[in-house]
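Working through the structure, step by step
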Amino acid sequence: MIGWVYESTTLSWPRSIRIDWVSVRGAVWIAALVPSSLMAQADRQPQRTVTGVHFRGNRAIAADTLAISIATTGSSWLAGFAPLRFVHLGQRRTFDELEFRRDVVRLQLLYRLPGYFEARVDTVLRRSADAISVTFIIEEGPPIVVDSITIGGVDSIVPPERLRRGLPLAVGRPFDRYRFAASADSLTMGMRNRGYPFAGVYRSYTVDRTTRLARVSYEVVPGPYARVGEIVIDGSRGVSRRTVRRSLAVKVGDEFDQDALYDSQ
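Residues numbered from 1 in each chain as written. Predicted model: local features only at pLDDT ≥ 70, side-chain atom pairs only at ≥ 80, totals over all residues. Heavy atoms only, no water.

**Thoughts on the pattern of salt bridges**
- If you walk through the whole model with that rule in mind, you get nine salt bridges.
- Between Glu97 and Arg127 there is a salt bridge, with the nearest N and O atoms lying 3.8 Å from each other. Here the residue Glu97 occupies a position in helix α4 (residues 97-112), and Arg127 occupies one in strand β2 (residues 120-127), the gap between them amounting to 30 residues.
- For Glu97, a relative accessible area of 30% translates into the label partly exposed. (Salt bridge = Lys/Arg side-chain N within 4 Å of Asp/Glu carboxyl O. Helix = DSSP H or I, 4+ residues; strand = E, 2+ residues; numbered from the N terminus. Buried < 20%, exposed > 50% of the residue type's maximum accessible area, 1.4 Å probe, protein only.)

**A word on helix α6 (residues 177-192)**
- Here α6 spans 23 Å end to end across 16 residues, near enough to the 22 Å set by a 1.5 Å rise per residue.
- Buried residues of α6: Phe180, Ser183, Ala184, Leu187, Thr188, Gly190 and Met191, and no others. Buried residues of α6, seen end-on, are gathered within an arc of 165 degrees and therefore sit on one face of the element. Summarising the geometry of α6, the exposed residues directed more than 90 degrees from the buried face are Tyr178 and Asp185.
- Those residues of α6 hidden inside the fold are in contact with β4 (145-152), α5 (160-165), β5 (200-208) and β6 (213-221).
- Measuring from the side-chain oxygen of the N-cap residue of α6 to the backbone nitrogen of Tyr178 gives 2.8 Å; that N-cap residue is Asp176. (Expected span 1.5 Å × (residues − 1). Arc of directions from axis to C-beta. Contact = heavy atoms within 4.5 Å. Polar contact = N/O pair within 3.5 Å; in protein donor to acceptor, adjacent residues only side chain to side chain.)

**Topic: α4**
- Between its terminal C-alpha atoms α4 stretches 24 Å, which fits the 22 Å expected from 16 residues at 1.5 Å a residue.
- By the burial criterion, the buried members of α4 are Glu99, Phe100, Asp103, Val104, Leu107, Leu110 and Tyr111. Each buried residue of α4 lies within a common arc of 160 degrees when the element is viewed along its axis, so the set occupies one face. Exposed and oriented more than 90 degrees from the buried face of α4 are Arg101 and Leu109.
- Elements in contact with the buried residues of α4: β1 (49-56), α2 (63-67), β2 and β3 (131-139).
- Where α4 begins, one side-chain oxygen reaches toward the backbone nitrogen of Leu98, 3.0 Å away; that side chain belongs to Asp96.

**A closer look at the sheet that holds β2**
- Overall, mixed pairing links the three strands, which are arranged β1-β3-β2 in an open sheet. Each end of this open sheet is capped by a strand with a single partner; those strands are β1 and β2. On average, each strand axis in the sheet is tilted by 20 degrees relative to the strand beside it, whichever way the strands run.
- Against the sheet, α4 engages β1, β2 and β3, with an angle of about 150 degrees to β2. (Pairing = 2+ DSSP bridges. Axes fitted to C-alpha atoms, helices over the stretch in contact; angles between N-to-C directions.)

**Digging into the sheet that holds β5**
- Across the sheet, which stays open at both edges, the three strands sit in the order β4-β6-β5 with mixed pairing between neighbours. Single-partner strands in this sheet number two, and they are β4 and β5. Going from strand to strand, the sheet's axes swing by 15 degrees on average, the running direction of each strand aside.
- In this structure, β5 lies alongside β6, joined through nine bridges in antiparallel fashion. Bridge pairing links Thr206 to Arg215 in β6.

So this is what it looks like as structure tokens:
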């Protein structure tokens, strides 16, 4: 711990003051050096090698995923091995106090993505003169659970329940933001495979932190219905166009199907 001692001095000024400009210039020059001196003093603080970064208590998110989501990184084995540390072998990672504090926030925000809004992160640091080992202790808590999924705008095209069964997000499961976004993509592709090439999906959700329930809503905008009107084949020199046309998964007059276009490619 560093203690600061402040001294107060009362100055009595003479009635007539004679300014020595040489002294003034010297004082200004000395004042300009003060920040540099402070920075140099900070640089002389011991830089500890991060010998390891560990996670405890995580179940919903793998340790590898947590590790790549933070700035604090462990050094290589050679750089962290005490008898060889002074030789500076391997890749050395130094400890950054500011980034370490930010890592706690990063992990808490990361846990919100799979639905763990109440996750808490504590830390344990083991320090020596030139090394430090970091452990993040995670208390995940209960997740937010999907209570309902509503799909609008498709009643006249396909039963919403049929689309709902194929979504990555499911009722009764944790409210995962990745699955929430992926479900919108699945709905978009489902409509494009049913003859609606310009379909779009708007998504929204509400979370009740008291009941830990999420209500999810997707609004589908199908756009115009389309069929294949013309198939143009360019650049086929080694194979005849007739052969290429017979191998396609789409034919003129077919309902537009995005997957069939991919199969044809």
